Amino acid sequence: MDYSVDLILKYPLINIKSTEKSDIVRIHGKIYVHHKYFAVTLHQITHLNGAPKYKLKSITNVKSKSTLSKIKNALSTDVFRNIVEVLDKMNEILLQDTDVKHLEVHTDIYRKVIHEYSEFVKFFLNISTCELKEDLTTICVAVTDSKPRLHSVEIAVDYSKKSSDLFRISAADLPEKDQAILKGNESLIALFDTFIGQLELLQPYFELMETLDEHATILDPDKPRKSDAYRRIWLGENISTIITVDPFNIYERPDIKFLGPDRLIESFSSSLNENIGKWVYQENIFQGILDLLGLQEFPKKDTATNQVNLLVEFGECSICFSLRLNNKLPEIICTNQSCEKLYHNQCLYDWLVSLHAKRVFNNISGNCPNCEKTISCPLMN
């Protein structure tokens, strides 16, 4: 009788491997007994008459010497037809010694997970890769949408029985609000179908962000993810704009902020103020953003200068002398036209606090570290 299916269902964390000696098979992994995992290693020794014998090499979490003796005695005296019967016997002994009358096993859940996974792979044809982890706790899936774009998602299996939702999405590169929508489900197919539905709803959002990445010089994020609903775009020497969109209402006018000295920001702010009332439903969102800024196209930085980042030539943060701090570019620029040094918000805040600078509402103000003219930055949490 083939016991392999029974082994997978009852003890999915047990592995069987051959050794250099042809008559010895190594069996190792974990068994679950009453909310506790026991790591075990056994050797299966095949005698000349074909009868297998089992020898315990190691087991963890067994504190009682009597329990260990019972297991060893059972292996040496009892007759077992296969490894499943051996593990069942060990389970029985461990259960008795934990003074628990009922053994909580996950056999039914294992069977459901394996069945759901098998049906899931057959159902979705656009899956690029799919893997069920060896311990049956995680399913990793990569799927392509209609463009096609590749999306990765991690699905966790909940064995706690605290909820009827056996499957839930534990990680996905989607906007934050979207991840909150994707709740657990007892059906793997139904859960993933909801995920696919959200991907379809977000297609205009993905399209816009890809267009911005293609036609503008992106300063931040350094490596945009699908969950990043903003772009900091280079507009010229020492000036940039942060454009933030609502992934779930892509046709709503985006939030636009400018970073740079006032003399450079002024013309862009004027264009934005003039055009902001003209925003209506936009068939071409990208063109609508250009119209708001009064641009025909985004300026592109000449990459022939062989520079890693676009603000380097203007100097990194004039306090920490680095370009990125916690993956953020300098956000504060001194308004003194003869200075215009760049600072990370955190660096400037720490500097001003050390000088006991004044707090005015939600800002802190003091002297610029470079020119000593007045400079301010938002308070840090």
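### As for the confidence of the model for the protein
Part 1: A residue-level look at the protein finds 91% of positions with pLDDT of 70 or above and a mean pLDDT of 85.
Part 2: Helix α7 (residues 203-215) holds the highest mean pLDDT among the elements of the protein, 95, whereas helix α5 (residues 176-181) holds the lowest, 68.
Part 3: In the model, residues 305-314 has pLDDT below 50 throughout and makes 19 contacts with residues more than four positions away in sequence or in other chains.

### Considerations on the environment of K373
Part 1: As for its placement among the helices and strands, K373 is situated in the loop between β16 (363-367) and β17 (374-378).
Part 2: A relative accessible area of 48% means that K373 is categorised as partly exposed.
Part 3: Residues K373 and C339 lie 34 residues apart in sequence; the distance between their C-alpha atoms is 9.1 Å.
Part 4: Setting aside its immediate chain neighbours within four residues, K373 contacts N336, G366, N367 and C368.

### Observations concerning the pairing of strand β5 (residues 127-132)
Part 1: Of the strand pairs in this sheet, β5 and strand β6 (residues 138-144) are connected by 5 bridges, and their pairing is antiparallel. What sits directly across from C130, in β6, is V141.

### Some details on the pattern of salt bridges
Part 1: A complete count under the given rule lists 13 salt bridges for this structure.
Part 2: One salt bridge connects D228 with R225, and the closest N-O pair in it is separated by 3.6 Å.
Part 3: Note that R263 and E340 form a salt bridge whose closest N and O atoms lie 2.6 Å from each other. Here R263 is found in helix α8 (residues 262-275), whereas its partner E340 is found in the loop between β13 (332-333) and β14 (342-343), with 77 residues between them in sequence.
Part 4: According to the relative accessible area criterion, R263 is partly exposed, its value standing at 43%.

### Let's talk about unusual backbone geometry
Part 1: The peptide bond linking K147 to P148 adopts the cis configuration, its omega dihedral lying at 0°.
Part 2: For F361, which is not glycine, the phi dihedral falls at a positive 55°.
Part 3: As for its position among the elements, F361 is in the loop between β15 (358-360) and β16.
Part 4: Unlike most non-glycine residues, E372 shows phi in positive territory, near 65°.
Part 5: You can see E372 is positioned in the loop between β16 and β17.
Part 6: Judged by relative accessible area, E372 falls into the exposed class, the value being 59%.

### Details of the sheet that holds strand β9 (residues 218-220)
Part 1: Taken in spatial order, the 4 strands make up an open sheet running β9-β10-β11-β12, and their pairing is antiparallel. Of all strands in the sheet, those with a lone pairing partner are β9 and β12 (255-259), marking the two edges. Averaged over all pairs of adjacent strands, the angle between their axes in this sheet comes to 35°, without regard to strand direction.
Part 2: The pairing of β9 with strand β10 (residues 230-236) spans 2 bridges and is classified as antiparallel. For D220, the partnering residue across the bridge sits in β10 and is R232.
Part 3: Along the sheet, α8 makes contact with β10, β11 (239-244) and β12, crossing β12 at roughly 165°.

### Quick notes on the sheet that holds β6
Within a sheet, adjacent strands bond to each other through the backbone by hydrogen bonds, running parallel or antiparallel.
Part 1: Taking strand neighbours across the sheet as the criterion, the 4 strands line up as β5-β6-β7-β8 in an open arrangement whose pairing is antiparallel. Sheet topology places β5 and β8 (167-172) at the edges, where each strand pairs with a single neighbour. If you compare each strand with its neighbour and ignore which way they point, the axes differ by 20° on average.
Part 2: With 7 bridges connecting them, β6 and strand β7 (residues 150-157) associate as antiparallel partners. Note on β7: the bridge partner recorded for V141 is V153.
Part 3: Helix α4 (residues 107-123) rests against β5, β6, β7 and β8 of the sheet, and its axis sits at about 170° to β5.

### Some remarks on the layout of surface pockets
Taking a probe equal in size to a water molecule and rolling it over the atoms shows the remaining empty space.
Part 1: Considered as a void within the structure, the largest pocket measures approximately 300 Å³ in volume.
Part 2: Taken together, D220, Y230, R232, I242, T244, D255, K257, F258, L259, K328, L329 and E331 make up the full set of residues lining the largest pocket.
Part 3: Breaking the lining of the largest pocket down by element, the ones donating at least two residues are β10, β11 and β12.
Part 4: Among the elements that make up the lining of the largest pocket, the one with the highest residue count is β12 (4 residues).
Part 5: Considered class by class, the residues forming the lining of the largest pocket number 5 nonpolar, 1 polar and 6 charged.

### Brief notes about the packing of aromatic side chains
Part 1: Counted under the stated rule, the structure contains 11 aromatic pairs.
Part 2: Geometrically, the ring pair formed by F123 and F124 is edge-to-face, given 4.9 Å between the ring centres and 80° between the ring planes.

### Looking at α8
Part 1: The terminal C-alpha atoms of α8, which comprises 14 residues, lie 20 Å apart, in line with the 20 Å expected from a rise of 1.5 Å per residue.
Part 2: Every buried residue belonging to α8 is among I265, F268, L272 and N275, and all of these are buried.
Part 3: Those residues of α8 that are buried lie in contact with β10, β11, β12 and α9 (285-293).

### Quick notes on α7
Part 1: Between its first and last C-alpha, α7 extends 18 Å over 13 residues, near the 18 Å set by a 1.5 Å rise per residue.
Part 2: Where the residues of α7 are buried, they touch β7, α6 (188-201), β9, β10 and α9.

### What to know about the environment of K112
Part 1: Summarising the element assignment, K112 is placed in helix α4.
Part 2: Sequence spacing of K112 and E186 is 74 residues, and the spatial spacing of their C-alpha atoms is 9.9 Å.
Part 3: When near neighbours in sequence (up to four residues on either side) are disregarded, K112 contacts L166 and E186.

The rules behind the values
- Residues numbered from 1 in each chain as written.
- Predicted model: local features only at pLDDT ≥ 70, side-chain atom pairs only at ≥ 80, totals over all residues.
- Heavy atoms only, no water.
- pLDDT = per-residue confidence, 0-100.
- Helix = DSSP H or I, 4+ residues; strand = E, 2+ residues; numbered from the N terminus.
- Contact = heavy atoms within 4.5 Å.
- Buried < 20%, exposed > 50% of the residue type's maximum accessible area, 1.4 Å probe, protein only.
- Pairing = 2+ DSSP bridges.
- Salt bridge = Lys/Arg side-chain N within 4 Å of Asp/Glu carboxyl O.
- Axes fitted to C-alpha atoms, helices over the stretch in contact; angles between N-to-C directions.
- 1 Å grid on protein atoms, 1.4 Å probe; cavity = no way out; pocket = protein on both sides within 12 Å on 5 of 7 lines; lining within 4 Å.
- Points joined across faces, edges and corners; volume = space filled by probe spheres on them.
- Nonpolar A, V, L, I, M, F, W, Y, C, P; charged D, E, K, R; others polar.
- Phe/Tyr/Trp six-rings, centres within 6.5 Å; stacked < 30°, edge-to-face > 60°.
- Expected span 1.5 Å × (residues − 1).

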